[in-house]
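Geometric and topological summary
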Amino acid sequence: MHAIATDSYGPIEQLKRVELPTPAPAAGQVRVTVHASAVNPAELKVITGEVKFLHGREFPMVLGYDFSGVVDAVGAGVTSLAKGDEVFGFLAYGNATKRGAFAEYVVCPADSVAKKPAGVTHVVAAAAATPAITALQSLRDQGRLGRGGRVLIIGASGGVGSLGIGVAKKLGATVTGVCSTHAVEFVKGLGADTVVDRKKQDVLRDVEGPFDVVFDAAAAHSWGATRHLLAPGGTYVTTLPSGTMVLNMAMSLFTSTRVRFVIVKALAADLATLGAWLDEGMKVPVESTIPVRDVVEGIRRMAKGEMLGRIAVDVAGGF
């Protein structure tokens, strides 16, 4: 199969097209012909060796986590999916992932993907997978956000934060989004009820709570700095654990608020929920779609942090 891979840790420019054996699904797995993927910060961290544990250390290393495509083969014992089903999901962020989605095929557990609704494109499904499920598991599971709740999303124009707006609205919450000046209209367009321009307002001083959840998708603040914005029983949730956060978790045991972080998991049930929301029109901001052969440029642009929306990757016709 065709794939985009690297032979060692180093600069992203060393990613290149390679030929690899087509993987076969083991028991409980499916093989998916990949149609679309998306660029994530994890790709840059892994290839440079900054964070190696997000991917199996096997070379040639094929990166790419999000995917949408068509089931090509099923392993023994799989009854929930069949050849020809359109599915989407993301590969595990960890050593279990040996071959990524910047390839013609991926193999994954059958219970880690969901059927893609016919009315949702492969590009939209792939672009939504990781950030939307991260937001869902952060807000619903860690934050216990529900109908009538209030959430403050810090980093509302980023990958997870921007999808978090739609997720929070689907959960029935009122959303206040925090972003830079250039992204204010973008965040409004995604459905935020209130938008705070962090270049013009001090989030910690000028924003009025209380909030049931402070979702720090950008890992810009700490529980200690934001706890005055939380309602009794409220939760500070971040996507990036730190030493300070661990200390804050211990300190919060003596208060009426909580500190949590999320380790995202690919669960078929959550992906099915997301698929239904996408079919209902939940917005997924896609800044551009690039062929997989241009993924180096996509990672480079993502690293600059200036774009609004995700960079999707055309895998099926992009080699």
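Before reading on, note that the structure itself is shown above.
Residues numbered from 1 in each chain as written. Predicted model: local features only at pLDDT ≥ 70, side-chain atom pairs only at ≥ 80, totals over all residues. Heavy atoms only, no water.

Below, the discussion takes up the environment of E280. By the element assignment, E280 lies in the loop between α8 (268-279) and β15 (286-291). For the pair E280 and D197, spaced 83 residues apart in sequence, the C-alpha to C-alpha distance is 29 Å. A distance of 2.8 Å separates a polar atom in the side chain of E280 from a polar atom in the side chain of K170. (Helix = DSSP H or I, 4+ residues; strand = E, 2+ residues; numbered from the N terminus. Polar contact = N/O pair within 3.5 Å; in protein donor to acceptor, adjacent residues only side chain to side chain.)

On to the packing of aromatic side chains, then. For any two aromatic rings, the description comes down to two numbers: the centre-to-centre distance and the angle of the planes. Applying the stated rule across the entire model yields three aromatic pairs. With a centroid separation of 4.2 Å and an interplanar angle of 10°, the aromatic rings of Y65 and Y93 are classed as stacked. With a gap of 28 residues between them, Y65 in the loop between β4 (61-62) and β5 (66-74) and Y93 in the loop between β6 (86-90) and β7 (105-109) connect regions that are remote in the sequence. Of the residues examined, Y65 reaches a relative accessible area of 0% and is grouped as buried. (Phe/Tyr/Trp six-rings, centres within 6.5 Å; stacked < 30°, edge-to-face > 60°. Buried < 20%, exposed > 50% of the residue type's maximum accessible area, 1.4 Å probe, protein only.)

In this section: the pattern of salt bridges. Per the stated rule, a full pass over the model turns up 15 salt bridges. For E13, the salt bridge goes to R300, with nearest N and O atoms at 2.8 Å. Separated by 287 residues along the polypeptide, E13 in the loop between β1 (2-6) and β2 (16-19) and R300 in helix α9 (residues 295-304) bring together distant segments of the chain. With a shortest N-O distance of 3.5 Å, K188 and E185 are connected by a salt bridge. Taken as a pair, K188 and E185 lie in helix α4 (residues 184-189) at a separation of three residues, close to a single helical turn. (Salt bridge = Lys/Arg side-chain N within 4 Å of Asp/Glu carboxyl O.)

For the rest of this paragraph, the subject is α9. Of the positions making up α9, those classed as buried are V295, V296, G298, I299 and M302. The arc that holds every buried residue of α9, seen down its axis, measures 160°, which confines them to one face. Positive phi shows up at G305, right after α9, with a value of about 75°. (Arc of directions from axis to C-beta.)

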